[in-house]
Amino acid sequence: FALRFLYSCLVDADALDTQAHFRELDAPRCGLALDAPMLLERFLSRRKEYLDARRTRYPGPDAATAMSALRELVFESAMSAAATGQRLLRLTAPTGAAKTIAAAGFALRHAAMFGKRRVIVAVPFITITEQNAAVYRRLLENPDPSGSPVVLEHHSNVDLDQETSDQRDWRRLAAENWDAPFVVTTTVQLFESLFGRKPSQMRKVHRLADSVTVLDEIQALPHHLLPQIADALRILTERFGATVLLSSATQPELGTLSPLRHLDAPEVVPDVATVFARARRVRYRWRVDPKPTLAEVVADALDHRQVLLVVNTVRDARAAFEQARDQATPDVHVAHLSTGMCPAHRRVVLRQVMGRIEAREPLCLVSTSLIEAGV
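Residues numbered from 1 in each chain as written. Predicted model: local features only at pLDDT ≥ 70, side-chain atom pairs only at ≥ 80, totals over all residues. Heavy atoms only, no water.

## A closer look at the overall build of the chain
Along the chain, the regular secondary structure elements total 14 helices and nine strands. Compactness check: the chain gives a C-alpha radius of gyration of 22 Å against a globular reference of 21 Å for 375 residues, within 12% of the reference. Structurally, the chain occupies a C-alpha span of about 65 × 45 × 45 Å along its principal axes. Residues counted as buried form 46% of the 375 residues belonging to the chain. Pairs at least 24 apart in sequence give 81% of the contacts found in the chain among residues at least 6 apart. Surface accessibility of the chain: about 19400 Å² in total, with carbon and sulfur atoms responsible for 54%. Separation between the mean location of the 47 positive side-chain charges and that of the 44 negative ones in the chain comes to 2 Å. (Helix = DSSP H or I, 4+ residues; strand = E, 2+ residues; numbered from the N terminus. Rg over C-alpha atoms; globule rule 2.2 N^0.38 Å. Buried < 20%, exposed > 50% of the residue type's maximum accessible area, 1.4 Å probe, protein only. Contact = heavy atoms within 4.5 Å. Areas by Shrake-Rupley, 256 points an atom, 1.4 Å probe, with all protein chains shown as cover. Lys, Arg positive; Asp, Glu negative; His and termini not counted. Charge placed at Lys NZ, Arg CZ, Asp CG, Glu CD.)

## A closer look at the nonpolar core
Core analysis: the biggest nonpolar cluster contains 45 residues, and Phe43, Leu140 and Phe182 have the highest contact counts within it. Dropping the residues within four chain positions of it, Leu140 is found in contact with Leu39, Arg42, Phe43, Arg46, Leu108, Val150, Val151 and Phe182. Formed by 34 residues, the second largest nonpolar core is a distinct cluster that contains Phe5, Leu88, Val183 and Phe191. (Core = buried A, V, L, I, M, F, W, Y, C linked by side-chain atoms within 4.5 Å.)

## As for empty space enclosed by the protein
The final tally for this structure, using the stated rule, is one cavity of 30 Å³ or more. Space inside the largest cavity adds up to approximately 30 Å³. Contributing to the lining of the largest cavity are Arg47, Tyr50, Ile101, Val135, Arg138 and Leu139. Broken down by secondary-structure element, the contributors of at least two residues to the lining of the largest cavity are α2 (36-57) and α5 (126-140). In terms of residues, the lining of the largest cavity owes the most to one element, α5, which gives three residues. Among the residues forming the lining of the largest cavity, the class breakdown is four nonpolar, no polar and two charged. (1 Å grid on protein atoms, 1.4 Å probe; cavity = no way out; pocket = protein on both sides within 12 Å on 5 of 7 lines; lining within 4 Å. Points joined across faces, edges and corners; volume = space filled by probe spheres on them. Nonpolar A, V, L, I, M, F, W, Y, C, P; charged D, E, K, R; others polar.)

## What about the environment of Thr368?
By secondary structure assignment, the location of Thr368 is in strand β9 (residues 363-368). Measuring from C-alpha to C-alpha, the distance between Thr368 and Ala317 comes to 6.1 Å, with 51 residues separating the pair along the chain. Dropping the residues within four chain positions of it, Thr368 is found in contact with Val310, Val311, Thr313, Val314, Ala317, Leu337, Ser338 and Thr339.

## Thoughts on a nonpolar patch on the surface
A surface patch of nonpolar side chains, about 580 Å² in accessible area, is lined by Val282, Tyr284, Trp286 and Val288. In this fold, Val288 is placed in the loop between α10 (272-278) and α11 (294-301). Given the relative accessible area of 62%, Val288 is considered exposed. (Patch = residues over 30% accessible without salt bridge, like charges linked within 9 Å, V, L, I, M, F, W, Y side chains within 5 Å. Salt bridge = Lys/Arg side-chain N within 4 Å of Asp/Glu carboxyl O.)

## Digging into the pattern of salt bridges
This structure, assessed with the given rule, holds 19 salt bridges. In this structure, Asp179 engages Arg118 in a salt bridge whose closest nitrogen and oxygen atoms are separated by 3.8 Å. With a gap of 61 residues between them, Asp179 in the loop between α6 (165-177) and β4 (182-186) and Arg118 in the loop between α4 (99-114) and β2 (119-123) connect regions that are remote in the sequence. We note a salt bridge from Glu130 to Arg346, for which the minimum N-O separation is 3.5 Å. Linking Glu130 in helix α5 with Arg346 in helix α13 (residues 343-359), this pair joins segments that are 216 residues apart in sequence. Arg346 matches Glu130 in its accessibility class, with the two residues each being buried. Among the charged side chains, a network of salt bridges with common partners joins Asp12, Arg23, Arg118, Asp169, Arg172, Glu176, Asp179, Arg203 and Arg207.

## Points about the layout of surface pockets
What the second largest pocket holds in volume is close to 190 Å³. Surrounding the second largest pocket, Pro124, Thr187, Val188, Phe191, Glu192, Phe195, Leu221, Pro222, Leu225 and Ile229 form its lining. No other element matches helix α7 (residues 187-195), which puts five residues into the lining of the second largest pocket. Of the residues in the lining of the second largest pocket, the class split is eight nonpolar, one polar and one charged.

## Some words on the pairing of strand β1 (residues 88-92)
Counting buried residues in β1 gives five out of five residues, a clear majority hidden from the surface. Burial along β1 is two-sided: the residues Leu88, Arg90 and Thr92 and Leu89 and Leu91 are all buried. Relative to strand β6 (residues 243-248), β1 is paired through five bridges, and the arrangement is parallel. Bridge assignment links Leu91 to a residue of β6, and that residue is Ser247. (Pairing = 2+ DSSP bridges.)

## Description of the sheet that holds strand β8 (residues 333-337)
Spatial ordering of the open sheet is given by β7-β9-β8, a layout of three strands whose pairing is parallel. Each of the sheet's edge strands pairs with one partner strand only, and the pair in question is β7 (306-311) and β8. With strand direction ignored, the average angle separating the axes of adjacent strands in the sheet is 15°. The strands touched by α13 within the sheet are β7, β8 and β9, with β8 carrying the most contacts at an inclination of about 140°. (Axes fitted to C-alpha atoms, helices over the stretch in contact; angles between N-to-C directions.)

## Here's the deal with the side chain of Thr243
When you line up the elements, Thr243 lands in strand β6. In terms of polar contacts, Thr243 uses its side chain to reach the side chain of His110, at 2.8 Å. Among residues more than four places away in sequence, those in contact with Thr243 are Gln86, Arg87, Leu89, Phe106, His110, Lys116, Ser211, Val212 and Thr213. (Polar contact = N/O pair within 3.5 Å; in protein donor to acceptor, adjacent residues only side chain to side chain.)

Below, the structure is given as structure tokens:
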């Protein structure tokens, strides 16, 4: 790993020096440094504005108030854990507990207190990566559009055509070596850099040193590579000054693997079992005998004012959407999300869906399971 870090430094320096020569720059390009105290202040201020606006919009029932209190508990636990100086931690909380925002709060406070150089958030699915990046941009980006960008979103579906030429140029160059204060990427990009052999992949490795790295939804990591991944995390925390936060509602037992067996990885949330018990807000009904047809499931779904219908395949999603559209009354908006749609189309549909949810208008959303995990 030491050799890989040195090689990463060499390749990156060579590329930046060559770029400076051909662009006739006075010095090699250097990205904006992480000003963690300033970003933490901005983050907390905008989070407060968001929560205040949400309380005004949804004065709502006791269930909503209870979930808000639970999210606040998870957030405050993350902020407290950031001050401990622990290098490897686990954030275990149920779906809907606002782990995305809690993890960012942890990362920024920890970086501010211990002088970390950047924050890197890695997510297994592109759909969730897109949504997380949108949340972080809303909470962190410079209020001055002409100012330096803060959040770098890096994955294979990033659409550079929708940005200005300056933004596009910055994003393209920063993605080459992750020279940005706050990086949101996929676990594929992260581990291809850590374990890859191509100079273009390895050029980012040294950026992980002295960083705060959040691994979100870690239950989705490839099981056959967990020992190697665990070993990489151990080396990053022990030798290269990195802090790693493992976030999931269903934590794999990475501590049982030999690389991490001797490392202490405390929980961010003190009493995980109680948090899960407080978050229980779903009733399950298993309908297996007789098993309902897709048409029967669609008919049952349309009995609800607002409903999310999750199916397993793109083909079933299309069939269910067409059936729901044909059977729904004119006042019900029927929408469809799947990985067969391009990212721009998905974003348009999500904006329409969120608008109808907030307006409490009749809605039936048909989705594949991968998309639903991000929604």
